[in-house]
Amino acid sequence: MKSFSYLALLSAIAPFASAGSGPDGVDVLIDRIQTQNHYPQTSDKLIKIAKPAKDEYEYVIVGSGPGGAPLAANLAIAGHSVLLIDAGGDYGHLREREAPALANPSSERNEVSWGFFAHHYENEERALKDRKLTWLTPDGKYYSGKNVPEGSTRLGNFYPRYGGLGGCAEHNALVALLPSKNDWDNIKNITGDASWDNSAMREYLKKVEKVEYPLPTPNDPSHGFDGYISMSVNPKAIPAQDVKLMSVFAGAAKAFGVNNTGVTNALNEAVAYAQENSIDYETGLLPLNMTQGLTDAMTEMLDWDINNNNPDRDTKRSFAFLPQHMDSTNFRRSTPRDYVYETATATNPDGSRKYKLDVALNTLATKILFDTKGSKPKAVGVNYLFGQSLYRADPRASRTENGGEPGSVKATREVIVAGGAFNSPQLLKLSGVGPKKELESFKIPVVHDLPGVGENLQDRLETSVNAEFPTNFTRILACYYLAADGDPCWAQYVDPSLKDAEKGTYASNGVVMGSFFTSSYSEDGEHDLWIGGFPALFNGFYPGYSSNAATVANKNWWSWLVLKAHTRNHAGTVKLATTNPRDTPIITFHNTYEGQTKEEADKDVGALREGMRMAMSFFENIPAIDGAASIFWPPKEYSETDDKLNEWIVEEAWGHHASCSNKIGGDHDPKAVLDSKFRVRGVDSLRVVDASAFPRIPGIFPVLPIMMMSEKATEDILAAVKGPHPPSCPGRKHKNGQ
């Protein structure tokens, strides 16, 4: 029997529900500009929309994501005049952006969603096998699935990015993991630059993070405690209140080889107590005062600090809590956007501005300007267009009109590009820096022939294993996900009188733990597989995916996400579609056998298959407390043999951590775009600091490595001004007058 709160939810949200995704796969038709709520932002502490306030700055930084935003703040704190440019606005207090549980809806907010359509394969026959491919219908809607309306045009695979201040740190799942030791040491080895050594890079973690979760060793000196990014973990009692959810974790632990006796015993005790005292745990939550045994057992079962500095961190099999970039008081997302806001608005005791940081929003950079009179082209500024929704990844952008107020700004020291793996190579090419043949085909004057720009694009491979339970997960039962007014989960989350787990579902990203392990195909022994799960249906990206994750009618789904790290494919490309800076580029990943030799592709596909088999075993080992799970995705016929599961992976695997399209490399590498100090080769006063700079896709989740990279870039840039040993940036507390 469904609870009253669930019936109320059905009544309240039924008109808003999006049908079309379930056990039979994706079959979704949706408006390009989605119908969404219109709640005001929760605070007016926002950067105002404005074009560049001055004609000249020392540093002009294009892109405000995890690479550009910290760099802009750091350089300003060091005393320099800095302009930070972003094509979007400041939506740092959207409800969806703030609450960890609303990460998926935040990625499809019309105000900030940049929806690219990438191609997993260039080969059309292979591309068409993807069951979540998106098409543009004759009446201008998006359709994703296999029942394509007649006359539709294939767009590709939906790839959501963030179009606003803060970049993709504003809509990701908040998981903040260190890369592996070999990720940093690889850059050291290929460039000969010892400053990339893993131990040296650990120091940048300490500059970034403000640890707010208990560590096995209090005040562990390998961590940071006064950085600009708060780091916390999900309140343990949030999952502990849901018996079904805890039984799923217990099953995963057993299958993974972790002793789950404590959790299983605590579950049985909680159920027995609930039954004896007429507490409804099947359609409601356990009272918080009944969760202590479960939270104690979780603490014993899970590793607390996956970002530890132990020698075996990257090789030891681990079942762990996930550190997240959120604070431990309000459980609000913490990002470099906040760091920029605090720096840009900081004042001296007399009320004057403390730092020379300007932020230009709704400002689309269109071209890097060069002085070509000397022996080397020198970057001296940026052309831009000022206006809302100018870039056509924005669903609100005009597809036919070329709007925007043109302008330009000078950089007396450097231009720094930080637009990410898609936009940074696009801007370089539009500015005349890139492969000569491609530039000439568009009649773009060649400033410098740099063949590696837009090459080496990499991504992880990810799939899901989805199952249906006979009853609902009570943890999410009352939540509207902001689809209607009066959402009780939002009211609980923002109630200032509530603390920790009392704040409820929205104070957690839902992914409580992660499984870190090594496949039989790993060549260096480091983790190359990760599994995490949450109570929703997620089987890849398509327009409208976030509306279908936990629908009104279905709150009995669970998804295990299987992620293959350290993929071997580096054949992806970002190529110009047109010379119009408003248009998106052509993004092709050339996944698996299209971009790799059979031997290499077999290893990546085989590793992901091992991960999927592990995820399936997670379901098979769930304690018999509240009914067995029934796996429906992938369909049974694809999981019966390894060959069929390999076929499924080739057809269905996706990624969302695009990287490496302007790679750092050694002097001997003809495809190296950057040197070890982020400088664009062949030109002066131009750097790239973002995910595109990695030569090899790092770790498992990229946001923390990018922030660490930004800290390193800060020191490299200041060293060029002040000499080889620049002082660290002054203190990073930016309350007014301090």
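Residues numbered from 1 in each chain as written. Predicted model: local features only at pLDDT ≥ 70, side-chain atom pairs only at ≥ 80, totals over all residues. Heavy atoms only, no water.

Q: Tell me what's going on with the side chain of Asn157, and back it up with residues and numbers.
A: Assignment of secondary structure puts Asn157 in strand 8 (residues 153-162). The contacts of Asn157, once residues within four sequence positions are left out, are Phe116, Phe117, Ala118, His120, Asp130, Lys132 and Leu133. (Helix = DSSP H or I, 4+ residues; strand = E, 2+ residues; numbered from the N terminus. Contact = heavy atoms within 4.5 Å.)

Q: Can you lay out the sheet that holds strand 8 for me, pointing to particular residues and giving the numbers?
A: Read across the sheet, 6 strands follow the order 1-2-7-6-8-5 without closing on themselves; strand pairing throughout is antiparallel. Each edge of the sheet is formed by a strand with only one pairing partner; in this case those strands are strand 1 (21-22) and strand 5 (113-118). (Pairing = 2+ DSSP bridges.)

Q: Give a detailed account of the side chain of Ser546, specifying residues and quantitative values.
A: Here Ser546 is to be found in helix 16 (residues 545-548). Sequence-distant contacts of Ser546, that is, excluding residues within four places in its chain, are made with Asn104, Pro105 and Glu108.

Q: How would you sum up the packing of aromatic side chains? Please name residues and give values.
A: Across all of its chains, the model carries 34 aromatic pairs by this definition. When the centroid spacing of 4.6 Å and the interplanar angle of 40 degrees are considered together, the rings of Trp114 and Tyr391 count as tilted. Here Tyr391 lies in the loop between strand 14 (378-386) and strand 15 (405-417) and Trp114 lies in strand 5, a separation of 277 residues in the sequence. Summarising the burial analysis for this pair, Trp114 and Tyr391 share the class buried. Ring geometry for Phe538 against Tyr545: centres 5.7 Å apart, planes inclined by 65 degrees, an arrangement best described as edge-to-face. An identical accessibility class is assigned to Phe538 and Tyr545; each is buried. An aromatic cluster is present here, built from Phe249, Phe256, Phe319, Phe469, Phe473, Phe517, Trp558, Trp560, Phe618 and Phe619 joined pairwise through their rings. Over the ring of Phe256 we find Arg317; its NZ or CZ atom is 4.2 Å from the centre of that ring. (Phe/Tyr/Trp six-rings, centres within 6.5 Å; stacked < 30°, edge-to-face > 60°. Buried < 20%, exposed > 50% of the residue type's maximum accessible area, 1.4 Å probe, protein only. Lys NZ or Arg CZ within 6 Å of the ring centre and 35° of its normal.)

Q: Which residues make up the sheet that holds strand 11 (residues 318-321), and what values do they have?
A: An order of 11-19-20-21-18-24 is seen for the 6 strands of this open sheet, with the pairing classed as antiparallel. Whereas interior strands pair on both sides, the edge strands pair on one side only; in this sheet they are strand 11 and strand 24 (630-633). Strand-to-strand twist across the sheet, computed as the mean angle between neighbouring axes with direction ignored, equals 25 degrees. Two strands pair when backbone bridges link them, and strand 19 (residues 513-517) and strand 20 (residues 529-534) are joined in this way by 4 bridges, in the antiparallel orientation. Pairing of Phe517 across the sheet is with Leu529, part of strand 20. Contacts between helix 18 (residues 598-620) and the sheet are confined to strand 18 (461-468), strand 19, strand 20, strand 21 (557-564) and strand 24, with strand 18 contributing the most and set at about 20 degrees to the helix. (Axes fitted to C-alpha atoms, helices over the stretch in contact; angles between N-to-C directions.)

Q: Describe the state of the cysteines, and please don't skip the residues or the numbers.
A: Under the counting rule described, the total for this entry stands at 1 disulfide. Note that Cys479 is cross-linked by a disulfide to Cys489, the S-S spacing being 2.1 Å. Between Cys479 and Cys489 the disulfide shows an S-S torsion of about -80 degrees. By sign, it is left-handed. Taken together, the residues Cys479 in the loop between strand 18 and helix 15 (488-494) and Cys489 in helix 15 connect sequence positions 10 residues apart. With respect to class, Cys479 is no different from Cys489; both count as buried. (Disulfide = S-S within 2.5 Å.)

Q: Can you explain the environment of Asp280? Please cite residues and give values.
A: Relative to the elements of secondary structure, Asp280 occurs in the loop between helix 10 (261-276) and helix 11 (292-301). In this structure the side chain of Asp280 is engaged in a polar contact, spanning 3.1 Å, whose partner is the backbone nitrogen of Glu282. (Polar contact = N/O pair within 3.5 Å; in protein donor to acceptor, adjacent residues only side chain to side chain.)

Q: If you had to explain the pairing of strand 8 to someone new, which residues and values would you point to?
A: Of all 10 residues that make up strand 8, 7 are buried, and the element is covered over most of its length. Here strand 5 runs beside strand 8; their pairing, made up of 6 bridges, is antiparallel. The residue of strand 8 that forms the bridge with Phe116 is Tyr159. Sheet topology places strand 6 (residues 134-136) next to strand 8; 3 bridges connect them, and they run antiparallel. For Trp135, the partnering residue across the bridge sits in strand 8 and is Arg154.

Q: How would you sum up the pattern of salt bridges? Please name residues and give values.
A: Between side chains of opposite charge, a pair can form when the charged atoms approach closely. Using the criterion set out here, one finds 49 salt bridges in the structure. Taking the shortest distance from any N to any O, the salt bridge between Lys141 and Asp31 comes out at 3.7 Å. Taken together, the residues span a long stretch of sequence, with Lys141 in the loop between strand 6 and strand 7 (142-145) and Asp31 in the loop between strand 2 (25-30) and strand 3 (56-62) at a distance of 110 residues. Across the salt bridge formed by Arg313 and Asp314, the nearest N and O atoms sit 2.9 Å from each other. The exposure class assigned to Asp314 is buried, which follows from its relative accessible area of 12%. (Salt bridge = Lys/Arg side-chain N within 4 Å of Asp/Glu carboxyl O.)

Q: Give me the lowdown on the nonpolar core, citing residues and values where you can.
A: In this structure, Trp560 and Leu686 are the most contacted members of the largest nonpolar core, which totals 147 residues. Setting aside anything within four residues of it in sequence, one finds Leu686 in contact with Ile368, Phe370, Ala379, Val415, Val417, Leu428, Phe678, Arg679 and Val680. By size, the runner-up hydrophobic cluster in this structure holds 27 residues, among which are Val28, Ile306, Val511 and Tyr542. (Core = buried A, V, L, I, M, F, W, Y, C linked by side-chain atoms within 4.5 Å.)

Q: Before we move on, can you summarise the packing of helix 9 (residues 243-256) against helix 10 with the specific residues and values?
A: Viewed as axis vectors pointing N to C, helix 9 and helix 10 meet at an angle of 160 degrees, and their least axial separation amounts to 10 Å. Here helix 9 is positioned roughly antiparallel relative to helix 10, judged by the angle of their axes. In this structure, helix 9 meets helix 10 at a crossing whose hand is left-handed. Counting all contacts with helix 9, which are made through Val243, Met246, Ser247 and Ala250, the residues of helix 10 involved are Val263, Thr264, Leu267 and Val271. For the contact of helix 9 with helix 10, the class distribution of residues is 6 nonpolar, 2 polar and no charged. (Parallel < 35°, antiparallel > 145°, perpendicular 65-115°, else oblique. Left-handed = near helix turned anticlockwise from the far one by under 90°. Nonpolar A, V, L, I, M, F, W, Y, C, P; charged D, E, K, R; others polar.)

Function-wise, these values are silent; they only describe arrangement.
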